[in-house]
Amino acid sequence: MELLKVEGLNLWYRDKKVLHDVSFSVKSGEVLCIVGESGSGKSSIFHAVMGLLPPYARVEGRIIFKGKNLLELSEKEMRGIRGKDIGMVFQEPSLYLDPLFTVGVQIMEAYTEHFGKKGAYERTIKAMVKAGIPEPEEKFRMYPHQLSGGLKQRVCIAVAVVCEPPLILADEPTTALDVSLQKRILHLFRKFREEGKGIVIITHDFGVVAEVGDRVIVLKDGRIVEEGDVFSIFDNPRHEYTKRLLRAL
Ligand SMILES: Nc1ncnc2c1ncn2[C@@H]1O[C@H](COP(=O)(O)OP(=O)(O)OP(=O)(O)O)[C@@H](O)[C@H]1O
Ligand SMILES: [Mg+2]
């Protein structure tokens, strides 16, 4: 089943056009990777889908989720979707987490915002377990600075899954981590896929694609230059730019 369908997305920041007719879709039980160099427009796609563009951005096209065009929803309606129906993982956990609150409270808040306090603690612990956090009751009471980078990213993943959204969008979720931690985090996304979630992972690194991707779109200067299943792109990249990204591996 198609979870998210992006059609003919065009985006401008003031008068600078950064996305050109971008279209793709994601199904349940599938990991779609969006790959491209810095500045190719990856995060802009993420922000457009989540309704997190700055006020001076102008966007055209359709982003269909659950039968609705997200581009037509109000900020209030989008707030009801973010976190609840679409989980989000950001690149830099230290920027995302609030240093003044325990990580447990921050995960729990992501739940209570949509579902209220009832059962929230249990759901939080469950999400922490799911995100691969050992001794969750103990970690619940810790502050972000008391945790390693890998654990902080797991906390962000717990925030993203605590409401059990059918779709997860992750923007460079492992860029700040070393290779062995990266593999462990990507393994979590594979497990979410096995549960039937749809997942979009944004990355500049074909190593990440090799690890978890089912399908890939390659973005260059705001345009999709190549798309296909992971095996065919690794075996037979057509675009010179894709070949170059692959050589960097
Ligand atoms: N808020 C913004 N205001 C104006 N221009 C922006 C804004 N965000 C991004 N841009 C510009 O839009 C283009 C695409 O940026 P974007 O952040 O989407 O790329 P990216 O692929 O995510 O890059 P990176 O790998 O560095 O994160 C770039 O030219 C960038 O300078
Ligand atoms: Mg980015």
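Details of the structure are given in the entry above.
So, a few notes on the structure that sits alongside this text.

**Quick look at the sheet that holds strand β2 (residues 16-27)**
1) Next: As summarised here, the arrangement of the four strands in space is β2-β1-β4-β5, forming an open sheet in which the pairing is antiparallel. In this open sheet, the two edge strands, each paired with only one partner strand, are β2 and β5 (68-69).
2) Next: Bridge count for strand β4 (residues 57-65) against β5 is two bridges, and the pairing is antiparallel. Following the sheet pairing, F65 is matched in β5 by K68.
3) Next: Running at roughly 70 degrees to β2, helix α1 (residues 42-50) makes contact with β1 (2-13), β2 and β4 of the sheet.

**As for the site of ligand 1**
1) Next: All residues in the neighbourhood of ligand 1 are listed as Y13, V18, G36, S38, G39, S40, G41, K42, S43, S44, P54 and H204.
2) Next: If you tally residues by element for the shell around ligand 1, the top one is α1, at three residues.

**Points about unusual backbone geometry**
1) Next: Phi at D21 takes a positive value of approximately 50 degrees, unusual for a residue other than glycine.
2) Next: Following the sequence through the fold, D21 ends up in strand β2.
3) Next: Residue D21 is classed as partly exposed on the basis of its 13 C-beta neighbours within 10 Å.

**Thoughts on the sheet that holds strand β7 (residues 167-171)**
1) Next: The mixed open sheet is built from six strands, whose spatial order is β6-β7-β8-β3-β9-β10. Each edge of the open sheet carries a strand with a single partner, namely β6 (86-89) and β10 (223-229). On average, each strand axis in the sheet is tilted by 15 degrees relative to the strand beside it, whichever way the strands run.
2) Next: The pairing of strand β3 (residues 30-36) with strand β9 (residues 215-220) spans five bridges and is parallel. When the sheet's bridge partners are listed, G36 is paired in β9 with L219.
3) Next: The strands touched by helix α8 (residues 179-194) are β3, β7 and β8 (198-203); relative to β8, the strand with the most contacts, the crossing angle is about 155 degrees.
4) Next: Across the face of the sheet, helix α11 (residues 240-247) comes into contact with β3, β9 and β10 while running at roughly 110 degrees to β9.

Cut-offs applied
- Residues numbered from 1 in each chain as written.
- Chains lettered and ligands numbered in written order.
- Predicted model: local features only at pLDDT ≥ 70, side-chain atom pairs only at ≥ 80, totals over all residues.
- Pairing = 2+ DSSP bridges.
- Helix = DSSP H or I, 4+ residues; strand = E, 2+ residues; numbered from the N terminus.
- Contact = placed C-beta atoms within 7 Å.
- Axes fitted to C-alpha atoms, helices over the stretch in contact; angles between N-to-C directions.
- Near = placed C-beta within 6 Å.
- Buried ≥ 20, exposed ≤ 12 C-beta atoms within 10 Å, placed from the backbone.

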